[in-house]
Amino acid sequence: QVQLVESGGGLVQAGGSLRLSCAASGSMFGYNRMGWFRQGLGKERELVATITMDHTTNYANSVKARFTISRDNAKNTVYLQMDSLKPEDTGVYFCRLQDTLERYYWGRGTQVTVSS
């Protein structure tokens, strides 16, 4: 079993920055992709960014050049550096881990609110 705990969310003004962290615990063997998703109020959950074990990254077009995903395997942690935040970035940000058996694990989420 894998447990994911997000942290770093909060309230920030437009143009500001936040750094989210997701600490994974449990059976880490075999995971091949971690990522961040977000869900705005009344909206569907959407992919923000993913990162593989070889550090290949993928970003939603809406966050390219503003967000940076990274990982520290020694700490079993994935990060999301968010710069130049916009009000439309507001939502609950969820960490996800996909293992080699294609099982998905989700964190409970951390709230990010960007004010105008």
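In short, a report on the structure.

Basis of the calculations
- Residues numbered from 1 in each chain as written.
- Predicted model: local features only at pLDDT ≥ 70, side-chain atom pairs only at ≥ 80, totals over all residues.
- Heavy atoms only, no water.
- Core = buried A, V, L, I, M, F, W, Y, C linked by side-chain atoms within 4.5 Å.
- Buried < 20%, exposed > 50% of the residue type's maximum accessible area, 1.4 Å probe, protein only.
- Helix = DSSP H or I, 4+ residues; strand = E, 2+ residues; numbered from the N terminus.
- Disulfide = S-S within 2.5 Å.
- Pairing = 2+ DSSP bridges.
- Axes fitted to C-alpha atoms, helices over the stretch in contact; angles between N-to-C directions.
- Salt bridge = Lys/Arg side-chain N within 4 Å of Asp/Glu carboxyl O.

Right, let's get into the nonpolar core. Of all hydrophobic cores here, the largest spans 28 residues; its most connected members are Leu4, Trp36, Leu80, Met82 and Tyr93. Those elements that place two or more of their residues in this core are β1 (2-7), β3 (18-26), β4 (33-39), β5 (46-52), β7 (67-72), β8 (77-82), β9 (91-98) and β11 (110-115). The greatest single-element share of this core, amounting to four residues, is contributed by β3.

Our next topic: unusual backbone geometry. In the Ramachandran plot, Ala65 falls in the positive-phi region, its phi being about 75° despite a non-glycine side chain. Summarising the element assignment, Ala65 is placed in the loop between β6 (57-59) and β7. For Ala65, a relative accessible area of 88% corresponds to the exposed category.

A few words on the state of the cysteines. Taken as a whole, this structure holds one disulfide when the rule is applied. The residue that forms a disulfide with Cys22 is Cys95, at a sulfur-sulfur distance of 2.1 Å. Negative torsions about the S-S bond denote left-handed disulfides, and the value of about -85° found for Cys22 with Cys95 makes this one left-handed. Remark: Cys95 occurs in strand β9 and Cys22 occurs in strand β3; sequence separation between them is 73 residues.

With that settled, consider the sheet that holds β3. Where strands meet in a sheet, backbone hydrogen bonds hold them as pairs that are either parallel or antiparallel. Read across the sheet, four strands follow the order β1-β3-β8-β7 without closing on themselves; strand pairing throughout is antiparallel. At either end of the open sheet lies a strand with only one pairing partner, and these are β1 and β7. Across the sheet, the mean angle from the axis of one strand to that of its neighbour is 15°, orientation sign disregarded. Sheet analysis places β7 next to β8, joined by six bridges and oriented antiparallel. Each bridged residue has a counterpart across the sheet, and for Arg71 the counterpart in β8 is Val78.

Let us now look at the pattern of salt bridges. In total, this model carries four salt bridges according to the counting rule given. A salt bridge links Arg66 to Asp89; its shortest N-O distance comes to 2.8 Å. Here Arg66 is found in the loop between β6 and β7, whereas its partner Asp89 is found in the loop between β8 and β9, with 23 residues between them in sequence. The same class applies to Arg66 and to Asp89, which are both buried. Two residues, Asp99 and Arg103, come together in a salt bridge whose shortest N-O distance is 2.9 Å. Judged by relative accessible area, Arg103 falls into the partly exposed class, the value being 44%. Overlapping salt bridges, with partners in common, bring together Arg38, Glu46, Arg66 and Asp89 in one network.

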